[in-house]
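An overview of the molecular structure
This is what each chain is made of:
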Amino acid sequence: MAAFEIPAKAEAIDEKPSRRRTKPLRYHHCQCMRSHYISQPHPHLGIDEIVAAEAYAALRFPDELTAAGAAWGITASDAQYDVVLRDPGWRTLHDELCSEAFVRSVLRSFSADMKREGCLVDAESARIVPFLETREDKERPTLDPDAPPNDVFIRVDFQSKGAGGYRDFVHLDWARRIVGGILFFSDTEEEGLEGGELAFYRDRDFRNDRWCHDPELAALVPPKRNSGVIFLNHNGAFHGPRPITRLAGRRRWLYYSISSRADVWPHAARADEASSDR
């Protein structure tokens, strides 16, 4: 993951997309995740509603199962993951996010952007393959350079954090991630939260090496219950959390990604590589 500490001079800018296309993401069980496509500052889907309001109200986030300081909260290789998915609501949402229909709908939303940015994955040819990315795998910048790029796998992590441990962290996810996503299950007002937005950045010294050399804050997405963002992880899609200055409750979210075992974003070489938590 390419990372950079943001300079103090950067200021927050409200998200003002230049192009929107509102549409549902359709997947099995005939349910719809309401979303709209936004092209700027980076291609992403703004998720207006993750699940129906009554389904959201019935979900209880597994705060008590999240180990303090765990880098990825609860991830699929953890024993607690199966405990969470015993809840029918979480199981239904998990299975929908991992379904062929949902994944194909997301990739098709970015099909033109993927081609323009040189992604090695074809949205129409991608297929889900069984693969469990362990915690050890997540530390590795590359998994299998010889894997077919169109063979993709899904990751859904449960994240829950209280106050402390937040900082500006401008980065890209590993180059095997086609898309990444933050699905919020907490709300700024309800949790007494100041800061903690997902921020998008531009690099004023872009070198196509997946490292943000001179970050400029371009857009902010505040935590809002039952909403989120799915973004294309191309070479210029720099993002990161904003620091939290006040938090009475918890910041809760699902981290979502569609990935290949091979790197899918060709990029220029860089002399030194950064570590990753994605």
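Scroll up to find the structure this text is about.
Computed from a predicted structure; not experimentally measured.

Calculation criteria
- Residues numbered from 1 in each chain as written.
- Predicted model: local features only at pLDDT ≥ 70, side-chain atom pairs only at ≥ 80, totals over all residues.
- Heavy atoms only, no water.
- Core = buried A, V, L, I, M, F, W, Y, C linked by side-chain atoms within 4.5 Å.
- Buried < 20%, exposed > 50% of the residue type's maximum accessible area, 1.4 Å probe, protein only.
- Contact = heavy atoms within 4.5 Å.
- Phe/Tyr/Trp six-rings, centres within 6.5 Å; stacked < 30°, edge-to-face > 60°.
- Helix = DSSP H or I, 4+ residues; strand = E, 2+ residues; numbered from the N terminus.
- Lys NZ or Arg CZ within 6 Å of the ring centre and 35° of its normal.
- Salt bridge = Lys/Arg side-chain N within 4 Å of Asp/Glu carboxyl O.
- Pairing = 2+ DSSP bridges.
- Arc of directions from axis to C-beta.
- Polar contact = N/O pair within 3.5 Å; in protein donor to acceptor, adjacent residues only side chain to side chain.

What follows covers the nonpolar core. Among the nonpolar cores identified, the biggest contains 41 residues, and Trp90, Ile178, Phe185, Leu254 and Ile258 are the most heavily contacted of them. Discounting chain neighbours no more than four positions away, the residues touching Ile258 are Val103, Val106, Leu107, Val152, Phe153, Ile154, Arg176, Arg177, Ile178 and Val179. Among the nonpolar cores identified, the runner-up in size contains ten residues, and Phe200, Val221, Val229 and Phe231 belong to it.

Take the packing of aromatic side chains next. Inspection of the entire model under this criterion finds eleven aromatic pairs. Judged by centre distance (5.6 Å) and plane angle (15°), the ring pair of Tyr56 and Phe185 falls under stacked. Within this pair, whereas Tyr56 is found in helix H1 (residues 53-58), its partner Phe185 is found in the loop between strand E8 (177-184) and strand E9 (194-195), the two being separated by 129 residues in sequence. With relative accessibility at 9%, the residue Tyr56 sits in the buried group. Exposure remark for Phe185: the relative accessible area of 7% places this residue in the buried category. Geometry around Trp253 places Arg251 over its ring, the cationic atom sitting 4.6 Å from the centre.

Where charged atoms from two side chains of opposite charge approach closely, those side chains can pair. Scanning the model with the defined rule gives 19 salt bridges in all. Note that Arg34 is salt-bridged to Glu49, the shortest N-O span being 3.7 Å. Here Arg34 is found in strand E3 (residues 31-38), whereas its partner Glu49 is found in strand E4 (residues 44-49), with 15 residues between them in sequence. Overall, the relative accessible area of 42% leaves Arg34 in the partly exposed class.

Along the chain, Ile74 turns up in the loop between H1 and helix H2 (79-84). Here the alpha-carbon distance between Ile74 and Val156, two residues 82 residues apart in the chain, equals 8.9 Å. Excluding residues within four positions of it along the chain, Ile74 makes contact with Pro62, Leu65, Thr66, Gln80, Tyr81, Val84, Val156, Asp157 and Phe158.

The next subject is the pairing of strand E10 (residues 198-203). Counting buried positions over the six residues of E10 gives five, a clear majority of the element. In the sheet, E10 pairs with strand E13 (residues 238-241) via four bridges, with the strands oriented antiparallel. Within E13, the residue paired with Tyr201 across the bridge is Phe238.

A word on unusual backbone geometry. Across the junction of Gln40 and Pro41, the peptide omega takes the value 0°, indicating a cis bond. For Asn208, which is not glycine, the phi dihedral falls at a positive 60°. Relative to the helices and strands, Asn208 resides in the loop between E10 and strand E11 (215-221). With a phi angle near 60°, Arg210 is a residue other than glycine that sits in the positive phi range. Within the element layout of this structure, Arg210 appears in the loop between E10 and E11.

This paragraph deals with the environment of Leu65. Position of Leu65 relative to the elements: it lies in the loop between H1 and H2. In this structure Leu65 comes out as partly exposed when scored by relative accessible area, which is 24%. As for Leu65 and Ser160, which are separated by 95 residues in sequence, their C-alpha atoms are 9.4 Å apart. Not counting residues within four places of it along the chain, the set of residues in contact with Leu65 comprises Ile74, Gln80, Val83 and Val84.

Let us look at helix H3 (residues 88-97). For H3, the complete set of buried residues consists of Trp90, Leu93, His94, Glu96 and Leu97. Down the axis of H3, the buried side of the element spans an arc of 165°, and every buried residue falls inside it. Measuring from the backbone nitrogen of Gly89 back to the side-chain oxygen at the start of H3 gives 2.8 Å, which picks out Asp87 as the cap.

Next up on the list: helix H4 (residues 100-109). Here H4 lies mainly inside the structure; seven of its ten residues are buried. Among the residues making up H4, those that are buried are Phe102, Val103, Arg104, Ser105, Val106, Leu107 and Ser109.

As a further point, take the side chain of Asn233. On the secondary structure map, Asn233 appears in the loop between strand E12 (227-232) and E13. With a relative accessible area of 0%, Asn233 lands in the buried category. Polar side-chain contacts of Asn233 include one of 3.2 Å to the backbone nitrogen of Asp173. Ignoring sequence-local partners within four residues, the contact set of Asn233 consists of Leu172, Asp173, Trp174, Arg177, Ile178, Val179, Arg210, His239 and Trp265.

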